[in-house]
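Survey of secondary and tertiary structure
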Amino acid sequence: MTDENKTGLDVDDLLRRALADDLPADVAAGMRRRIERVRAGATEKGAPAGAWAWLFRRSVWAALAVLMLIAGFLLQGARSRSPLADRILELKAAAVNFETPRS
Amino acid sequence: MAETEKYPTRGQAALRWLLAAIFFSAVGASGAFSGLMNKAGLLYLVLGSVAAALMGFRGPEIATAFRQAAGQAGSAESLGRSAHFWEAAARNAWILGALGSALNFTIALGTPSDGIGETSVRMIQAFLVTLYGLVLAVVCLVPAVKLSGKAENARRQGEARQTAETGGPARAAFRAVTPDRIAGYVLFAAVLVLSVFLLVAGLPQTGPLPIAKVLLHWPAILVVIGGAIALALFMGAGAGARAWTLGFAMTGFVGLLTGLIQALLGFAHRNIGEIASACAFIISASAFSLLGLVAAAAPLEDREIMDGRRDKPSALSRLFWVVFPLLTFIFLVLTFIMVVTPMTKPGG
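Here is what the cut-offs are and how they apply
- Position numbers for residues count from 1 along each chain, tracking the sequence in the order it is written.
- The order in which chains are written sets their letters, starting at A; the order in which ligands are written sets their numbers, starting at 1.
- Local features are withheld for residues below a pLDDT of 70 in this predicted model, meaning they are given only at 70 or higher, and side-chain atom pairs are given and counted only at 80 or more; totals for whole chains, interfaces and linings count all residues.
- Helix numbers and strand numbers start at the N terminus; a helix is a DSSP run of H or I with at least 4 residues, a strand a run of E with at least 2.
- Every C-beta atom is placed from the backbone, and the number of other C-beta atoms within 10 Å of a residue's own sets its class: buried at 20 or more, exposed at 12 or fewer, partly exposed in between.
- All axes are obtained by fitting lines to C-alpha atoms, using only the stretch in contact for helices, and the reported angles, taken between N-to-C directions, cover 0 to 180 degrees.
- Put simply, angles under 35 degrees are roughly parallel, angles over 145 are roughly antiparallel, angles from 65 to 115 are roughly perpendicular, and the rest are oblique.
- Crossing handedness: left-handed means the near helix sits turned counterclockwise from the far one by under a right angle, and right-handed means the same turn made clockwise.
- The contact rule is simple: place each C-beta atom from the backbone, and if two of them lie within 7 Å, those residues are in contact.
- Each residue gets one of three labels, nonpolar for Ala, Val, Leu, Ile, Met, Phe, Trp, Tyr, Cys and Pro, charged for Asp, Glu, Lys and Arg, and polar for the others, Gly among them.
- Per residue, pLDDT captures the predictor's confidence, and it can take any value from 0 to 100.
- Nonpolar core, as used here: buried Ala, Val, Leu, Ile, Met, Phe, Trp, Tyr and Cys residues forming one set through C-beta atoms within 7 Å.
- Here a helix's expected span is defined as the number of its residues, less one, multiplied by 1.5 Å.

**With respect to the overall build of chain A**
- Within chain A one finds four helices and zero strands.
- The helix and strand sequence of chain A, counted from the amino end, reads α-α-α-α.
- When burial is assessed residue by residue, chain A has 13% of its 103 residues classed as buried.

Next up, the structure:
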C-alpha cells in the first residue's frame, strides 16, 4: 500500500467515525469516486503491466544474456564461417603461396 | 577589476589556439607528413567526436564548456562540469580513434585486393585513425586540466555554488531522451555509414552488402552484447552507468584474450582456418566493445555527472577508458602480424 492510499484511508476512517450516523452525501460520493478510480486504475494497468513486467524482468534478461554468451563462444569454438574469417583465410593462403621457397 | 582581468585572459587563450591552428595547418600544408594522411579517418574522427559529445551533453553545456575554455569565469561547480566535458571529449576521441582503426582494419581485410602487399598497406593506414584520436585527445585534455585546476581553486576559496551558467539548476530527474541526444545518435550513425562508404569508395567490390556482412562477425557480437548485459545485471542498479562501462570493457577484454589464445592454438596446430577465425573474432570483439563504450556506457556516465547524481567518473571507468582502446590497438597490431606471417608446412 502506498503512502497516498494509506493517508486516504485514514481520512475516510476518521470521517466515518466522526460522522457515523449521518455521513454527508458529498463525502459518500467522494468515497465512491475514489473507490471507482482505484478499481479502474487497477484494471487498466493490469494486463499491459503484466506483459511489460515479464519483459523487464531481470531474470529474463539474465537468461538471454547468458544464452547469447554461450552461443557466441560455441559458434566461435566451432569455427563457424564468416565473410571476414574467409577473407583472412584467403590472405593467409596467399601469403603461404607468396613465401613458398623455390627449390 | 574582475572584468578588466577577464579580457586579457580570453585574448591570450584565443591567441594560443590561433597559433596552434596555424602551426598544425602549416605542418599539414608542408606535405612532410603526407604518408600520415587518412582523410576518411580524419573526417570520421572529427564528426564522430561531435556526435559523441551530443550523445552525452546538452547544447548549453557544450557552449559553456567552450566559453570557459576560452577564459570565461564561472562558479566552481560550473567549471568542474566544463572540465568533465573536455575530459569526456578527450575520452571519446581516444575511443573513437581505436574504433576507427578496428573498422578500417576490417574494411582493409574485407575488400578484394591485388595481394597481401596491398592489403598490408591498407591495414597499416588503418592505425592512423588511432594516432589522430590520440592527438585530438591530447588537445581536449589541455582545457580539461586547466578548468579542473580553476574549479579546485574556486572551491578552496569557498565560492558560493552557482548553477545558472549551464542554463539552469542541476536536474535531479533523469531524462533519458532529449533532442540533443537523438541528434547525437542520428549523427553518429550517419558518420559510421559515411565513413564506411568513403573507405570502400574506389575499391573493387560487388556492392555494400558484402562489407556489411564482413563487419558483422556474429560470434563476437553475441559474446560482447551478452557479456555486457550479464555483467551489468550482476552489478545491479546501484552501480549506475559504471556497470555498462565495466561490462563492455571486461567482455571486450575477454574476447581479445579468447581470440589470441585461439590464434596461438591455430599456429600450434598449423591450422590456418583456426587462425583466421580467431583474427576475425579479435577484430570484431574489439570493435563492438568500443562501440558499446562510446555509444552506450560513456553517454550514460556523462549524464549522471552533468545531472549531479555523481561528482566525477569512477577511477575504474577512467582506467577502462584509457586501457581498453590501447589494448585494442596492441591486439590489432598482433592481428596484423598474424595475418601477414606466412606458415610453412612442417618438414617442408
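Next, the rest of the story.
**Considerations on the packing of helix H11 (residues 272–306) of chain B against helix H12 (residues 315–340) of chain B**
Residue and element names in this part refer to chain B.
- Following both chains from N to C, one finds H11 and H12 inclined at 160°, their axes separated by 10 Å at the closest point. Considering the angle they form, H11 stands roughly antiparallel to H12. Like other packed secondary-structure pairs, H11 and H12 cross with a definite hand, here left-handed. Contacts from Ile275, Cys279, Ile282, Ile283, Ser286, Ser289, Leu290, Leu293 and Glu301 of H11 reach H12 at Ser317, Phe324, Pro325, Thr328, Phe331, Thr335, Met338 and Val339.
- Tallied by class, residues from the contact of H11 with H12 come to eleven nonpolar, five polar and one charged.

**Details of the packing of helix H9 (residues 218–235) of chain B against H11(B)**
All names here are of chain B.
- At a closest axis distance of 8 Å, the pairing of H9 and H11 adopts a crossing angle of 40°. In terms of orientation, H9 lies oblique with respect to H11. Crossing of H9 against H11: the hand is right-handed. Counted together, Pro219, Ala220, Ile221, Val223, Val224 and Ala228 of H9 and Phe281, Ser284, Ala285, Phe288, Ser289 and Gly292 of H11 form the full contact between these two elements.
- Residue composition of the contact of H9 with H11, by class: nine nonpolar, three polar and no charged.

**Structural notes on unusual backbone geometry**
Residue and element names in this part refer to chain B.
- Residue Arg270 is not a glycine yet carries a positive backbone phi of 55°.
- By the element assignment, Arg270 lies in the loop between helix H10 (242–269) and H11.
- On the basis of neighbour counts, which here come to 12 C-beta atoms within 10 Å, the residue Arg270 falls in the exposed class.

**A closer look at the confidence of the model for chain B**
All names here are of chain B.
- For chain B, the average pLDDT comes to 82, and 83% of its residues sit at 70 or higher.
- Low pLDDT (under 50) marks residues 1–6, which in the prediction has two contacts with non-local residues, meaning those over four places away or in another chain.
- Interface scoring of the predicted complex returns ipTM 0.74; its pTM is 0.76.

**Here's the deal with the interface of chain A and chain B**
- The interface of chain A with chain B comprises 29 residues on the first partner and 36 residues on the second.
- Where the side of chain A that touches chain B is concerned, the elements lending two or more residues are helix H3 (58–77) and helix H4 (83–99) of chain A.
- Take the side of chain A that touches chain B: its biggest share by element is 14 residues, from H4(A).

**A look at the environment of B:Gly259**
- Within the fold, B:Gly259 resides in helix H10.
- Once residues lying within four places of it in the same chain are set aside, the contact partners of B:Gly259 are B:Ala278, B:Phe281, B:Ile282 and B:Ala285.

**Description of the nonpolar core**
- The biggest cluster of nonpolar side chains holds 107 residues, and the ones touching the most others in it are B:Trp86, B:Leu99, B:Cys279 and B:Val294.
- Setting aside residues up to four positions removed in sequence, B:Leu99 forms contacts with B:Ala287, B:Leu290, B:Leu291 and B:Val294.

**Examining the environment of A:Phe56**
Residue and element names in this part refer to chain A.
- Along the polypeptide, Phe56 turns up in the loop between helix H2 (25–55) and H3.
- Look at Phe56 and you get exposed, because 9 C-beta atoms sit within 10 Å.
- Placed 25 residues apart in sequence, Phe56 and Met31 show a C-alpha to C-alpha distance of 35 Å.

**Some remarks on helix H4 (residues 76–110) of chain B**
- With 35 residues, H4(B) extends 50 Å between its outermost C-alpha atoms, agreeing within 8% with the 51 Å of an ideal straight helix rising 1.5 Å per residue.
- Within H4(B), 35 of the 35 residues are buried, which leaves the element mostly enclosed by the surrounding structure.

**What to know about the environment of B:Ala241**
Residues and elements named next belong to chain B.
- Here Ala241 lies in the loop between H9 and H10.
- Overall, the presence of 23 C-beta atoms within 10 Å leaves Ala241 in the buried class.
- Sequence spacing of Ala241 and Pro342 is 101 residues, and the spatial spacing of their C-alpha atoms is 44 Å.
- The residues touching Ala241, leaving out its near neighbours within four places in the chain, are Ala297, Leu300, Glu301 and Glu304.

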